[in-house]
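Notes for the structure review
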Amino acid sequence: MLTGSSGPDYQDTEITNDGFWPNINAGDFEKRRGIPAAQDSERVAIALVNATSEINDQLEKQKAKFIKLGHATANDIPAFPKLNGKNKVLYQYESAVFARAKADLLPDIATVHTKDKGDHLAERSDETKRELLAESQRIVRNIKGLNRSSVELI
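Reading guide: rules and limits
Residues numbered from 1 in each chain as written. Predicted model: local features only at pLDDT ≥ 70, side-chain atom pairs only at ≥ 80, totals over all residues. Heavy atoms only, no water. Salt bridge = Lys/Arg side-chain N within 4 Å of Asp/Glu carboxyl O. Helix = DSSP H or I, 4+ residues; strand = E, 2+ residues; numbered from the N terminus. Buried < 20%, exposed > 50% of the residue type's maximum accessible area, 1.4 Å probe, protein only. Arc of directions from axis to C-beta. Core = buried A, V, L, I, M, F, W, Y, C linked by side-chain atoms within 4.5 Å. Contact = heavy atoms within 4.5 Å. Phe/Tyr/Trp six-rings, centres within 6.5 Å; stacked < 30°, edge-to-face > 60°. Lys NZ or Arg CZ within 6 Å of the ring centre and 35° of its normal. Expected span 1.5 Å × (residues − 1). pLDDT = per-residue confidence, 0-100.

A few points about the pattern of salt bridges
Between side chains of opposite charge, a pair can form when the charged atoms approach closely. Scanning the model with the defined rule gives six salt bridges in all. Of the charged contacts, one joins E54 and R100 as a salt bridge, the two residues approaching to 3.0 Å between their closest N and O atoms. On the criterion of sequence distance, the pair formed by E54 in helix 2 (residues 41–58) and R100 in helix 4 (residues 88–112) is long-range, its members being 46 residues apart. Where salt bridges share partners, they join R32, K86 and E94 into one cluster.

Next up, the structure:
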């Protein structure tokens, strides 16, 4: 049936990862994080590359621990719940990358919207960016097996 609109077109760009952590699909990011259709697809992909690199750096020691335990990929980790063949670690990893990438894209997103909506987004941009980066860090800490916050004696 012809409806006149097929909905937003999400790109199908695949960000190739290191083999342990999953590849990242830019269209999944656009869909799950509500990225405007008018957003430049190359800019989105670059933000995902940068975010993936940052998260990989933060999880390097944890990745080595997982590999030492015999898990060749993040999806081999016996972690539940699972959805569509992916364990919670994969979803957490993607969520950490997606939150970080969206924080990076916020200034661009604000300029894509109409003036009134764009002005409101720009006003909240710093606060929203901090919230997204905090979300990403909470998820990374969870993957590492840490609580939301911790104290260490110096």
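So, next bit.
Brief notes about helix 3 (residues 60–68)
Turning to helix 3, its buried residues number three or more, namely Q62, K63 and F66. End-on view of helix 3: buried residues confined to an arc of 100°, all on one side of the axis. Counted as exposed and oriented over 90 degrees from the buried face of helix 3: K61, K65 and K68. Of the residues one or two after helix 3, G70 is the one with positive phi, at around 95°.

Some points on the nonpolar core
With 30 residues, the main nonpolar core has W21, F29, L48, Y93 and V97 as its most contacted residues. Contacts of W21, omitting those with residues within four sequence positions, involve N56, L59, K63, F66, A74, V89, Y93 and I143.

Some thoughts on the packing of aromatic side chains
Summed over the entire model, instances satisfying the criterion amount to four aromatic pairs. With 4.8 Å between their ring centres and 90° between their planes, F20 and W21 make a pair best called edge-to-face. Overall, the relative accessible area of 2% leaves W21 in the buried class. Each ring, one from F20 and one from F66, has its centre 6.2 Å from the other, and the planes form 20°; the classification is stacked. Here the residue F20 occupies a position in the loop between strand 1 (14–15) and strand 2 (24–25), and F66 occupies one in helix 3, the gap between them amounting to 46 residues. Assigned by exposure class, F20 and F66 land together as buried. Through successive ring pairs, a cluster of aromatic residues spans F20, W21, F66 and Y93. Seen from the ring of Y91, K86 lies directly overhead, with NZ or CZ sitting 4.8 Å from the centre.

As for helix 2
Between its first and last C-alpha atoms helix 2 spans 26 Å; for 18 residues at 1.5 Å apiece the expected length is 26 Å, and the two agree. Those residues of helix 2 that fall on the buried side of the exposure criterion are V44, A45, A47, L48, A51, T52, I55 and N56. End-on view of helix 2: buried residues confined to an arc of 165°, all on one side of the axis. Relative to its buried face, helix 2 has exposed residues pointing more than 90 degrees away, namely E42 and D57.

Side note on unusual backbone geometry
Residue P81 is reached from F80 by a cis peptide bond, and omega for that bond is 10°. Note on placement: P81 falls in the loop between helix 3 and strand 3 (82–83). For N84, which is not glycine, the phi torsion reads 50° and is therefore positive. Tracing the sequence through the fold places N84 in the loop between strand 3 and strand 4 (86–87). Residue N84 is classed as exposed on the basis of its relative accessible area, which comes to 70%.

As for the confidence of the model for the protein chain
In this model, the protein chain carries an average pLDDT of 88, and 82% of its residues clear a pLDDT of 70 or more. The low-confidence segment residues 1–5, where pLDDT is below 50, has zero contacts with residues more than four positions distant or belonging to other chains.

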